[in-house]
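A look at the structure
So the chains spell out like this:
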Amino acid sequence: MKVLLILGCLVGCILADTYITNPRGSNNRLNENTATRTNGNRLFDSQNNARGGHNTGDRWSGAAGNDPKKQYAMQYYASGGSEEEASKMIVEWTNQHGCGGNKDSPHKTNCNIVIQMMCMTNGTDSDYPSGTSTNANDVGERNAYIRDGTNTGTQAYAQPNAKEYTDEDVDDRNTRYNARMKTNYNNNAADRGLHETVYWYDMCRFRGANRGLYIADQDLDKGSLGYVGSERTRQNDDGTRRGYECPEERDHYPYWQPTHQEEEMDSDVQRTPWIDIAICPVTVVIATGLLRAQRTRTQDGGV
């Protein structure tokens, strides 16, 4: 579950069938007045069926409708900047499935919960992106502003053409790619929710799937580029898109791509936007392995 916080900080648990109660998890809900959510593919794959989750609140007694200024964003206050003044926020959730083992078989019902975050500064109400202009400033704002949105639709996406990968002329490949991505950036809708960027998802489509992963009896089909990309996994064999989330990163931890946690970032290297907050494993042995892998990913740019 992922939830929009004040200052645009998203907190997520990458375990399926999990319901976050504090901070409030959306389960892809927005402003529905029904028991079921409208669009399970709006921002991410919560895998929590169609029920549960919290709407984005209304700031006043009337419905916010299409006006983001009338939405209420949860606010959390810190006591101070020093370690002695540090505030703590309790994170609460429920698991739909069992978690933990027993003394005879500690891995019988094994699970590991990873809590991650992604942050940006929201600014004030006047900074909220609006309109459909294609000037560079407006397009940049719409593509970089994390938001709940006011429309339950999913952001648009023009998928790559095989010639962007197979054309022998490098200039032609680049021309095709740049034209398509310009369309993707221009089509970003201010009234629709946004977590990851379209660039993040597009790189997921170009990146070949890790063929060493367990896929059970699934037959992963080739995508529009003519090969199996990272948008296809055992749990997403048909490549369904949910927001701009990368399915391979969602389904596997730690992810083997470099992260934003490095002090110096190379813009030529694709990076997951999610930063680890906590790892809640069943056993110390599992915790040690996860931390070792995460440390390698952070320091060396990948595993």
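Residues numbered from 1 in each chain as written. Predicted model: local features only at pLDDT ≥ 70, side-chain atom pairs only at ≥ 80, totals over all residues. Heavy atoms only, no water.

Here we come to the overall build of the protein chain. In terms of helices and strands, the protein chain carries 6 helices and 8 strands. Order of helices (α) and strands (β) in the protein chain, N terminus to C terminus: β-β-β-β-β-β-β-α-α-α-α-α-β-α. Looking at the protein chain as a whole, 41% of its 303 residues qualify as buried. When contacts within the protein chain are restricted to residue pairs at least 6 apart in sequence, long-range pairs at least 24 apart make up 64% of them. Carbon and sulfur atoms make up 48% of the accessible area of the protein chain, which totals about 16100 Å². (Helix = DSSP H or I, 4+ residues; strand = E, 2+ residues; numbered from the N terminus. Buried < 20%, exposed > 50% of the residue type's maximum accessible area, 1.4 Å probe, protein only. Contact = heavy atoms within 4.5 Å. Areas by Shrake-Rupley, 256 points an atom, 1.4 Å probe, with all protein chains shown as cover.)

With that settled, the discussion passes to the confidence of the model for the protein chain. Model confidence for the protein chain is summarised by a mean pLDDT of 81, while 78% of its residues fall at 70 or above. Within the protein chain, the lowest mean pLDDT, 39, falls on strand 1 (residues 2–4), and the highest, 95, falls on helix 3 (residues 170–186). Note on residues 1–8: pLDDT under 50 across the span, and 47 contacts to partners over four residues away in sequence or across chains. This stretch, residues 260–265, has a pLDDT under 50; its non-local contacts, to residues over four places away or in other chains, come to 15 contacts. (pLDDT = per-residue confidence, 0-100.)

Turning our eyes to something else, we now look at unusual backbone geometry. The residue after N22, namely P23, is reached through a cis peptide bond having omega -5°. Assignment of secondary structure puts P23 in the loop between strand 3 (18–22) and strand 4 (57–58). Omega for the bond connecting Y253 with P254 falls within 30 degrees of zero, at -5°, which places this linkage in the cis form. Mapping P254 onto the fold places it in the loop between helix 5 (247–251) and strand 8 (275–280). At A216, a residue that is not glycine, the phi angle is positive and equals roughly 55°. As for its placement among the helices and strands, A216 is situated in the loop between helix 4 (198–206) and helix 5. The class for A216 is partly exposed, based on a relative accessible area of 41%.

Take the pattern of salt bridges next. Enumeration over the complete set of coordinates arrives at 9 salt bridges. Residues participating in the shared-partner salt-bridge network are D45, R242, E245, R250 and D251. (Salt bridge = Lys/Arg side-chain N within 4 Å of Asp/Glu carboxyl O.)

Attention shifts here to the packing of helix 3 against helix 4. Viewed as axis vectors pointing N to C, helix 3 and helix 4 meet at an angle of 140°, and their least axial separation amounts to 11 Å. Classified by the angle between their axes, helix 3 and helix 4 sit oblique to one another. Helix-helix and strand crossings are classified by hand; for helix 3 and helix 4 the assignment is right-handed. Together, Y177, R180, M181, N184 and Y185 of helix 3 and V198, Y199, D202 and F206 of helix 4 make up the contact between the two elements. When the residues that make up the contact of helix 3 with helix 4 are grouped by side-chain class, the tally is 6 nonpolar, 1 polar and 2 charged. (Axes fitted to C-alpha atoms, helices over the stretch in contact; angles between N-to-C directions. Parallel < 35°, antiparallel > 145°, perpendicular 65-115°, else oblique. Left-handed = near helix turned anticlockwise from the far one by under 90°. Nonpolar A, V, L, I, M, F, W, Y, C, P; charged D, E, K, R; others polar.)

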